[in-house]
Amino acid sequence: METLYDFRTEPLLRLIGTEKKVSLAEVLARFSRGEETELTVMQAHHQHAFHAFVVQLAAMHYGDTGELPTQAEDWETALLNMAGGCTTAFCLYVKDLKQPALFQMPSDDAIAEFSLIPVEDLDITVTAQNHEIKKARLVHVEPDLAFLHLVVAQTMAGYPGLG
C-alpha cells in the first residue's frame, strides 16, 4: 500500500535548537517525561491546536490504561492501538481512500473524484486568510508544516455555515 509520511513512527517533526527530527510518538514521550519540546515550524497560531491535539491523544490513552508511557516505542504501540491497529492512520498520504489517513476517515466507493487541497489553502478561520504567514512564502511545504496546518484545521476551524 502506498503511503507517505507516517508521523506515528517516522522522525518528521523538527525540534528547535537542534537538527534532530522526531516522530509524533517521540514528541508524546518527551512530553510524558516533562521535557521541553518545541517544533521548529510552529507559529503562534499552531500552539494551542497542537497542545490540544497531543493532550487529547494522551488523555485517550490514559483513559484506557491509567498510565502515560515515557518511551517512544510505547507511544507507537499506544497510537496504533488507538487507531484500531490500522498502520495508515497517522500517515499524511494514503493512496487507497478506503484506508484512513491523518485526519481522514476511510471512504467507500462513493467518491469518484478526489482533488488535492494545497496545504496553504488550509486555515483556521475564514477571517484568517493570509494573516500569520503569507501564502506566497509557502513555496515548498515540509511534512511537519503540513502536519501542523492539518492539526490547526481539524482542531480549531469553525464551520462558517450558511448564515
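Residues numbered from 1 in each chain as written. Predicted model: local features only at pLDDT ≥ 70, side-chain atom pairs only at ≥ 80, totals over all residues. Heavy atoms only, no water.

**Student:** Which residues make up the packing of aromatic side chains, and what values go with them?
**Tutor:** Applying the stated rule across the entire model yields 4 aromatic pairs. On the numbers, 4.5 Å between centres and 25° between planes, the contact of Phe-7 with Phe-147 is stacked. Residue Phe-7 is located in the loop between strand S1 (3–6) and strand S2 (13–14), and its partner Phe-147 is located in helix H4 (residues 143–156); the two are separated by 140 residues in the primary sequence. The class of Phe-7 is buried, set by a relative accessible area of 0%. Following the ring pairs from residue to residue traces out a cluster consisting of Phe-7, Phe-50, Phe-53, Phe-103 and Phe-147. (Phe/Tyr/Trp six-rings, centres within 6.5 Å; stacked < 30°, edge-to-face > 60°. Helix = DSSP H or I, 4+ residues; strand = E, 2+ residues; numbered from the N terminus. Buried < 20%, exposed > 50% of the residue type's maximum accessible area, 1.4 Å probe, protein only.)

**Student:** Break down the environment of Phe-103 for me, with residues and values.
**Tutor:** Within the secondary structure, Phe-103 is located in the loop between strand S4 (91–94) and H4. Given a relative accessible area of 30%, Phe-103 falls into the partly exposed group. Here the alpha-carbon distance between Phe-103 and Cys-91, two residues 12 residues apart in the chain, equals 9.1 Å.

Spatial relationships are all this shows, so hold off on functional conclusions.
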